[in-house]
Amino acid sequence: MVSVPLYASFRSIGAYVPEKILSNYDLEKMVDTSDEWIIKRTGIKQRHIAATNETTSDMGAKAALLAIERAGISKEEIDLVMCATVTPDYFNMPATACIISDKIGIHNVQAFDISAACSGFVYLLTMAKAFIESGMKKNILVIGAEKFSSIVDYTDRTTCILFGDGAGAAVICASDKKEEGFIDIHASADGSYADFLMTPAPGSVHPVSQKVIDERLNFVQMKGNETFKLAVKTLTKDVQEILEKNSIKASDIPHFIPHQANYRIIKAVGDALGMREDQVVLTVHKYGNTSAASIPMAINDLYQSGKLQTGELMLLDTFGGGLTWASALLPFCGKTHS
Ligand code: ACO
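Residues numbered from 1 in each chain as written. Predicted model: local features only at pLDDT ≥ 70, side-chain atom pairs only at ≥ 80, totals over all residues. Heavy atoms only, no water.

Chemist: Help me understand the packing of helix α8 (residues 224-245) against helix α9 (residues 263-273), please; the structure alone is not making it clear to me.
Modeler: Between two packed helices, what matters for the description is the angle formed by their axes and the separation of those axes. Here α8 crosses α9 at 35°, and the two axes come no closer than 9 Å. Note that α8 runs across α9; the crossing there is right-handed. Residues F228, A231, V232, L235, T236, V239 and Q240 of α8 form the contact with α9, whose participating residues are R264, I265, A268, V269, A272 and L273. (Axes fitted to C-alpha atoms, helices over the stretch in contact; angles between N-to-C directions. Helix = DSSP H or I, 4+ residues; strand = E, 2+ residues; numbered from the N terminus. Left-handed = near helix turned anticlockwise from the far one by under 90°. Contact = heavy atoms within 4.5 Å.)

Below is the structure:
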């Protein structure tokens, strides 16, 4: 028997943005900062913050339901649920993917989380591709969801201005059409930079204790300037490599969707690659950095604007804690939003 090759096809996108807005002006009242400084250094004007009783899984579930509806399949057809998050409902079990599955009515299906910070969503796409090409799964729900505000220290001006909450989700389906498959995807990591971006506790190094509370070790810590420089260098190299390997010119990419951490990083990488402004998707000004949710939220914005047409190529590129990074070249195989 001749087996037909299977390709992973990016079939749909959905996102959820919490209602409450935290503006730069709000932050001016909380820490020693200014709207002008934040916009100049990051491009961020505001970020959305989840309600106190709103969890990562609540947001992930809303994004997931939209993605499933837009994929035109039923929940019963989903055979794998994966969630990327560094702000799970619980440290460390049960997995947020299990809770999301239950909330949206998917039962008896494999579900698990991964932790790759801002690179989490593209990391999951590498796994979806492998599961589908191996024939193990057919319709995979991939979610990036973060309640980042739960690990942000709102007395630390160097980090609290950057992050926001939200969720994005996609459905990746098996297809026998080569033109629907991912063109290429690549993910990598370098743990020698682990201390550039971390939440020191809770964990086996620092289990919950009075020291954790007193020293605020449960909040995100970042070597911002060092991370910035490494991000620009790594992202530029990573994108150049994936484009060269696939003989695609940067100018031929209709949609470059980078991780939304800082406008200056996006601009520096875009300029180094010779990207035009109309190619680069930007959401950082309104959502801030939503970590694993950043790329699917940006794809969803592009989709809802009607600018993402069926078959058009997306170039994804991300960098985050770990340190981790990843890039992907893939066509959008859903229906154009009307
Ligand atoms: N308001 C006013 N002043 C500030 C603020 C603030 N919010 N934050 C820092 N400053 C001050 C600093 O104290 C410093 O003052 P000093 O010169 O008197 O010491 C000065 O501004 C410059 O600080 P830098 O840290 O050098 O500023 P920089 O230009 O690097 O911008 C930023 C900081 C925005 C954090 C930037 O470094 C950045 O975006 N880094 C990368 C973030 C990133 O990409 N992370 C990876 C993904 S996130 C993830 O994986 C979850």
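On we go.
Chemist: Looking at this model, I keep getting lost on the sheet that holds strand β13 (residues 324-331). Mind explaining?
Modeler: The strands that make up a sheet pair up through hydrogen bonds in the backbone, lying either parallel or antiparallel. The strand order across the open sheet built from 4 strands is β8-β13-β12-β11, with neighbouring strands paired in mixed fashion. Edge strands, defined here as strands with exactly one partner in the open sheet, are β8 (184-189) and β11 (255-258). Ignoring which end each strand starts from, the neighbouring axes of this sheet average 10° apart. With respect to the sheet, α8 is in contact with β8, β11, β12 (313-320) and β13, its orientation differing from that of β12 by roughly 150°. (Pairing = 2+ DSSP bridges.)

Chemist: How should the side chain of S291 be read in this particular structure?
Modeler: Examined against the element boundaries, S291 turns out to sit in the loop between α10 (284-287) and α11 (294-304). Setting aside its immediate chain neighbours within four residues, S291 contacts V86, A117, C118, E146, F148 and H259.

Chemist: Quick question: what am I supposed to make of the sheet that holds strand β5 (residues 111-114) here?
Modeler: The mixed open sheet is built from 5 strands, whose spatial order is β1-β7-β6-β4-β5. The open sheet has two edge strands with one neighbour each: β1 (7-16) and β5. Each strand of the sheet is rotated relative to its neighbour by a mean of 20°, with strand direction disregarded. Two elements, strand β4 (residues 80-84) and strand β6 (residues 139-146), share 5 bridges in a ladder whose sense is parallel. Of the residues in β6, the one forming a bridge with M82 is V142. The strands that helix α3 (residues 56-71) touches are β1, β6 and β7 (166-175); relative to β1, the one it contacts most, it runs at about 125°. Across the face of the sheet, helix α5 (residues 120-133) comes into contact with β1, β4, β5, β6 and β7 while running at roughly 170° to β6.

Chemist: Before we go on, may I ask you to explain the domain arrangement of the protein in this structure?
Modeler: It is common to give the size of an interface as the accessible area that goes away when the parts come together. Annotation of the protein at the domain level lists domain 1 (7-180) and domain 2 (184-331). Centre-to-centre, using C-alpha coordinates, domain 1 lies 14 Å away from domain 2. Taking both sides of the interface into account, the surface hidden between domain 1 and domain 2 amounts to around 3,700 Å²; carbon and sulfur atoms contribute 67%. For the interface between domain 1 and domain 2, the tally reads 1 salt bridge. Secondary-structure elements contributing two or more residues to the side of domain 1 that touches domain 2 are β1, α2 (35-42), β3 (46-49), α3, α5, β6 and β7. Among the elements that line the side of domain 1 that touches domain 2, the one with the most residues is α5, at 7 residues. (Domains from an automatic or database assignment. Buried area = accessible area lost by both parts, 1.4 Å probe. Salt bridge = Lys/Arg side-chain N within 4 Å of Asp/Glu carboxyl O.)

Chemist: Before we go on, may I ask you to explain the pattern of salt bridges in this structure?
Modeler: Between side chains of opposite charge, a pair can form as their charged atoms come close. Counting across every chain of the model gives 12 salt bridges. R157 is the salt-bridge partner of D32, the closest N and O atoms lying 3.7 Å from each other. Of the two residues, D32 is situated in the loop between α1 (24-28) and α2 and R157 in helix α6 (residues 157-160); the sequence distance between them amounts to 125 residues. We classify D32 as exposed; its relative accessible area is 61%. Of the residues examined, R157 reaches a relative accessible area of 46% and is grouped as partly exposed. Residues K267 and D271 are paired through a salt bridge, measuring 2.8 Å at the closest nitrogen-oxygen approach. Of this pair, K267 and D271 both sit in helix α9, 4 residues apart, which is roughly one turn of the helix. The exposure class assigned to K267 is partly exposed, which follows from its relative accessible area of 38%. A residue is classified by how much of its surface remains accessible, and D271, at 46% relative accessible area, is partly exposed. (Buried < 20%, exposed > 50% of the residue type's maximum accessible area, 1.4 Å probe, protein only.)

Chemist: Can you help me understand the site of the ligand in this one?
Modeler: Taken together, 29 residues sit near the ligand, with T33, R41, C118, N225 and N262 positioned nearest. Taking W37, its side chain carries an N or O atom lying 3.5 Å from a nitrogen atom of the ligand. Contacts to the ligand include R41, whose side-chain N or O atom sits 2.8 Å from an oxygen atom. Burial of the ligand by the surrounding chains reaches 76%, relative to a free accessible area of 1,000 Å². Taken together, the elements giving at least two residues each to the shell around the ligand come down to α2, α6, α8, α9 and β12. Here the shell around the ligand is built from residues that sort into 13 nonpolar, 12 polar and 4 charged. (Near = heavy atom within 4 Å. Polar contact = N/O pair within 3.5 Å; in protein donor to acceptor, adjacent residues only side chain to side chain. Areas by Shrake-Rupley, 256 points an atom, 1.4 Å probe, with all protein chains shown as cover. Nonpolar A, V, L, I, M, F, W, Y, C, P; charged D, E, K, R; others polar.)

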